[in-house]
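As a plain string of letters, each chain reads:
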Amino acid sequence: MASLLGDAPRLLNVGVSGFADAPSAAGASVLQVEWRPPAQGDRGLGLILAALEDDADDPLGARTAAANAEAMRRLLQARPVLEDVRPAREIIQALQDRTLLHSGPPIEWSQMCGPMQGAIIGAIVLEQWATSPDEARALASQGQVGFVPCHHVGAVGPMAGVVSPTMPVVVVRNAAGSNVAFANLNEGLGKVLRFGAFDASVLDRLRWMGAVLAPALSRALHAMDALDLKTLTGQALQMGDEGHNRNVAATALFTRAIAPSIVRTSPPEDAVAVLEFLASNNHFFLNLSMAACKVGLDAASGIDGSTLVTAMARNGVEFGIRLSGTRDAWFTAPSTVPDGLYFAGYGPADANPDLGDSAITETAGIGGFAMAAAPAIVRFVGGEPADALDATREMQRITFARNPDYALPPLNFVGSPTGIDARRVVDSGTAPVINTGIAHREAGVGQIGAGIARAPLACFEAALRGLAGRGDGGGGV
Amino acid sequence: MQLRPTEVVQAVVLPNTYRDSVELMRLAAELEHRPGVRRAGLMLATQAGRAVLDEAGLLTTDVEAAQPGPNDLIVAVAGEPSAVGAALGEAKAQLAGSAASTSTGAQRGEPPPRTIAEALSVAPDASLAIISTPGAYASAETAKALKRGLHVFLFSDNVPLEDEVELKALARRKGRLLMGPDCGTAILDGIPIGFANAVRRGRIGIVAASGTGLQQVAVLIDRDGEGVSQAIGVGGRDLDARVGGAMMLAAIDRLGADPDTHVLVLLSKPPAPEVAERVLGAARATGKPVVVNFLGEHRLQRDAGVVRVVTLEDAAVWAVAVARGDAAPPAPVLAPALLADAAQASARLRARQTRVEGLYSGGTLCKEATLLLTERGIPHRLLDLGDDEFTVGRPHPMIDMRLRSEYIVQAAHDSSVGVLLLDVVLGYGSHPDPAGELCVAIEVARRAADEHLVVIASVCGTPSDPQGLATQIDKLRAARVIVAPTNAQAARLAAVVLESNVREEVRA
């Protein structure tokens, strides 16, 4: 008999589950779609979403598919190489006059959260634009200092993410393209600038990092083979790291790789101090990981019509995302307090809303998306090891690809879900999951817990409207 | 609903808890069965949902105050306080449990897909999507499915006409079928979809803008020993002027090119005239014999390979004859045994019982019966209980017999009603035992009318249907229902039963 449905018919059932019964009984294979209204019930946005669906026979549908394919090709083929460590002002144009970088989307001083204001005060004193914290605060509130998001200059920074002109940044080059990305150096835990602390111990450490740590790393890098950060990350994912909240394996691998060159190119006291610093800082690799993710996502940015998410970042007040197809536009919504476990004596009332550029890791397919690789994370964020596997599986629903460079052993070496498709987020109502630390809302107290944050769906809805509204068509059936 | 002094109403809001309407109504019915529970309602907090709960006296002020949104679920129960609390607990437990996947083909440990795009990454070889989401969202889902190259069976109604026009244009561009909106039935490659009967595969192709019309013709073809190659539903509005018969034309093209389809049967309510011409022209152009039933034709017309018939039964009978290369089939007549039953029944009626009360689950069957009774001048009220006004917050009468049972019992108290006319539709998707359920109400009605009530039914089904055709007919006969072989004959029989009473009344 001639066939309308094909030889081994496979049907999708979208809606009332009972409709699967008749065709199943007749021998067809029926896959139930657990449907719920897309776009949180907004019919108009649902129609915009439908117009963006892949369709080779339609200009908009074809362009979306082609744009996403190109964006993903660039992301997956990116090769982040750690090239150097340099003072920020030597390579970031925007830091020539009194300007500071910060994490997340743009924000004014008066709106900033406690930890970010504290970090800015510390940075102003470090740069000697003021001689005391009070003077620094006055300078900032009077508009005497410029504030630019790290993301705007190809940089990323965890937590407050404040970078000042004399602070060292790592330089990560995309060997498969030509762009570079930057990140500051990780100070360690406890009283640190990125949580808004700015006392003498904090500034002393930062000065040591600029004067001793950074040059030592720079000399070591110039005397060794190029350090491929993607390879290192891939190895770490098979050792229990996820690349955002657990970085100990990657830090250890990095230290092992660079140690001989440090010893060869630095005076012994410096070498010892640097190696001791690396040995005591389990999160040192985080900043390198972030820059590596940033360089790949930047390479995939600016492709007309692409719905790939190229940034997720928080400034402690707002959560912002960017899409490849809308390049530099931010789509923001209020940042929320993560859900997790608190250190003794602290609770949700003390918590600052989610903060930092470190969600760039999830944007590139690691961190919370690779949680299956790090079941031990549940000891810090709560839940059971099976939840870690479920989190990664859930993220498969909203991503384009399984990253061949990030194989996850607990899931039979399937590649980490990589490349967030804003369409899928809005269609399924599945928000990206982020593994994150929780900061105290007051400057300088530090980390008070760790947990899971969800990117606000409103950001992705706004992003699709923004993409559709660029005269690209969209809207209507 | 008047509450007793000891009774209370309690409601909870479950945030972000979407379940389909069928599941919610089933759960409500279950809760209402519990002792001490007076009424239960589970609805999404859309405007419409809140209105339904309000109507039922189940919308509490604390739920209103919580300002639930359209993705939040309101569970409300009225009754004795202890029973209400337990019922709410039971509802929450069942809803939590029903979040688990029941899908076939899902990989172990993988959550079930939530979108068509996700489903296609799991099953890239899928060829058709069955869509039964609420109407407001059906257009977007249909567009996505068509763009990804799937055929679509669209059961949802309340889809805007402009959307239907655009979606059918999209379907034509993609070379795919969009069956619907408001399509209840299809049988593709022998696979039943929606409300469909188990019929033999064979050489007759059916294209229908009507669900129960398709079902009636298909089961009669099967009864007479022929079979169906493809039965393609196109949705109730397809032959309207604006839609222009888009899908019927596409289906005619397909069946025209299908070597296994030897005869085309086209079914619809009367199309816009220019659409009828286009459709008939396309059908003729296939070079295959065509049998057409546009409901409301008054006489048989034959014209160069196209036969236009009066009833659905005629369509089936002609299709079978043409498929076999037989000469024109004799017009169906009421069998002598049936006429004898009618005469006996007629004798039981009182003089003032002059009208038919029809209670239908199939819209087309209802319309057909209405036309036949009108033609014969028999007073009647035929209700299509599947119509929107009856199905808000209620399951469709093909699935649930309660509303019809209520109307059946009521009819017995109306002294002008002489004949109760029913359709019993079997097949996949329908109630597992419609005859059994209806007979309970029929017996009650009969007693209430002191046996002065004639009940006539036709059963639309096949021996292979889950309910079993013979079993269903036996149950009806045991309740002394006169069972006619087709809907058209049932209507004509009703006319025969009431003829003399009607004539007497006219004379008087």
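Keep in mind it's a predicted model, so treat the numbers as computed, not measured.

1. Things to note about a nonpolar patch on the surface
A contiguous nonpolar patch, built from Phe343, Tyr346 and Val445 of chain A and spanning about 250 Å² of accessible area, is present on the exposed surface. A residue is classified by how much of its surface remains accessible, and Phe343 of chain A, at 41% relative accessible area, is partly exposed.

2. Quick notes on the nonpolar core
If you look at the biggest cluster of nonpolar residues, it comprises 102 residues, and the most contacted ones within it are Ile124 and Phe254 of chain A. Counting residues per element, this core draws most heavily on helix 7 (residues 200-222) of chain A, at 11 residues. Once you skip the residues sitting within four places of it in the chain, Phe254 of chain A turns out to touch Leu82, Leu217, Leu227, Leu232, Leu278, Phe284, Phe285 and Leu288 of chain A. Ranked by size, the runner-up nonpolar core spans 90 residues in total, among them Ala28 of chain A together with Ala119, Leu154 and Ile232 of chain B.

3. Re the side chain of Ser132 of chain B
By the element assignment, Ser132 of chain B lies in the loop between strand 4 (128-131) and helix 6 (135-147). Among the polar contacts listed, one links the side chain of Ser132 of chain B to the backbone nitrogen of Val16 of chain A, at a separation of 2.8 Å. In contact with Ser132 of chain B, not counting residues within four places along its chain, are Val14, Gly15, Val16 and Phe19 of chain A together with Phe155 and Ser156 of chain B.

4. Details of the interface of chain B and chain A
By a widely used convention, the size of an interface equals the accessible area lost when the partners come together. Contacts between the two partners involve 69 residues from chain B, matched on the other side by 53 residues from chain A. For the pair chain B and chain A, the two sides together bury roughly 5,800 Å², of which 59% comes from carbon and sulfur. The largest share of the area that chain B buries against chain A comes from Arg114, Ile130 and Lys147 of chain B, three residues that together contribute 13% of it. The interface formed by chain B and chain A includes nine salt bridges. A salt bridge links Asp55 of chain A to Lys174 of chain B, with the nearest nitrogen and oxygen atoms 2.5 Å apart. Remark: the boundary between chain B and chain A carries 24 residue pairs in polar contact (both at pLDDT 80 or more). Those elements giving two or more residues to the side of chain B that touches chain A turn out to be helix 5 (116-122), strand 4, helix 6, helix 7 (161-174), strand 8 (191-194), strand 9 (201-208) and strand 10 (228-233) of chain B. Of all the elements, helix 6 of chain B adds the most residues to the side of chain B that touches chain A, at eight residues. Looking at the side of chain B that touches chain A residue by residue, the class counts come to 34 nonpolar, 17 polar and 18 charged. Where strand 1 (residues 10-14) of chain A meets strand 4 of chain B, four bridges bridge the pair, whose relative direction is parallel.

Procedures and definitions
- Think of each chain on its own: its residues are numbered from 1, step by step along the sequence as written.
- Think of it this way: whatever chain is written first is A, whatever ligand is written first is 1, and the rest follow in order.
- Given that this is a predicted model, residues contribute local features only at a pLDDT of at least 70 and side-chain atom pairs are listed and counted only at 80 or more, while totals for whole chains, interfaces and linings are drawn from all residues.
- As a convention, hydrogens and water are excluded, and side-chain values are obtained from all of the structure's heavy atoms.
- Nonpolar side chains (Val, Leu, Ile, Met, Phe, Trp, Tyr) within 5 Å and like charges within 9 Å form the patches, drawn only from residues with over 30% relative accessible area and no salt bridge.
- With residues, only the protein chains shown are counted as cover, and all accessible areas are computed by Shrake-Rupley using a 1.4 Å probe.
- Any carboxyl oxygen of Asp or Glu that lies within 4 Å of a side-chain nitrogen of Lys or Arg is treated as forming a salt bridge with it.
- Summary of the burial criterion: residues with accessible area below 20% of their type's maximum are buried, those above 50% are exposed, and those between are partly exposed, where the area comes from a 1.4 Å probe applied to protein chains only.
- The set of buried Ala, Val, Leu, Ile, Met, Phe, Trp, Tyr and Cys residues whose side-chain atoms join them within 4.5 Å is what this entry labels a nonpolar core.
- Elements are defined by DSSP. Helices are runs of H or I of four residues or more, strands are runs of E of two residues or more, and each kind is numbered from the N terminus.
- By the convention used here, residues are in contact when the closest approach between their heavy atoms is within 4.5 Å.
- Here a polar contact is taken to be a pair of N or O atoms separated by no more than 3.5 Å, where protein atoms must pair a possible hydrogen donor with a possible acceptor and residues adjacent in sequence count only if both atoms sit in side chains.
- We define buried area as the total accessible area lost by two parts upon association, computed with a 1.4 Å probe and summed across both.
- Gly counts as polar in this scheme, as do all residues outside two lists: the nonpolar Ala, Val, Leu, Ile, Met, Phe, Trp, Tyr, Cys and Pro, and the charged Asp, Glu, Lys and Arg.
- At least two DSSP bridges between two strands are required for those strands to pair.

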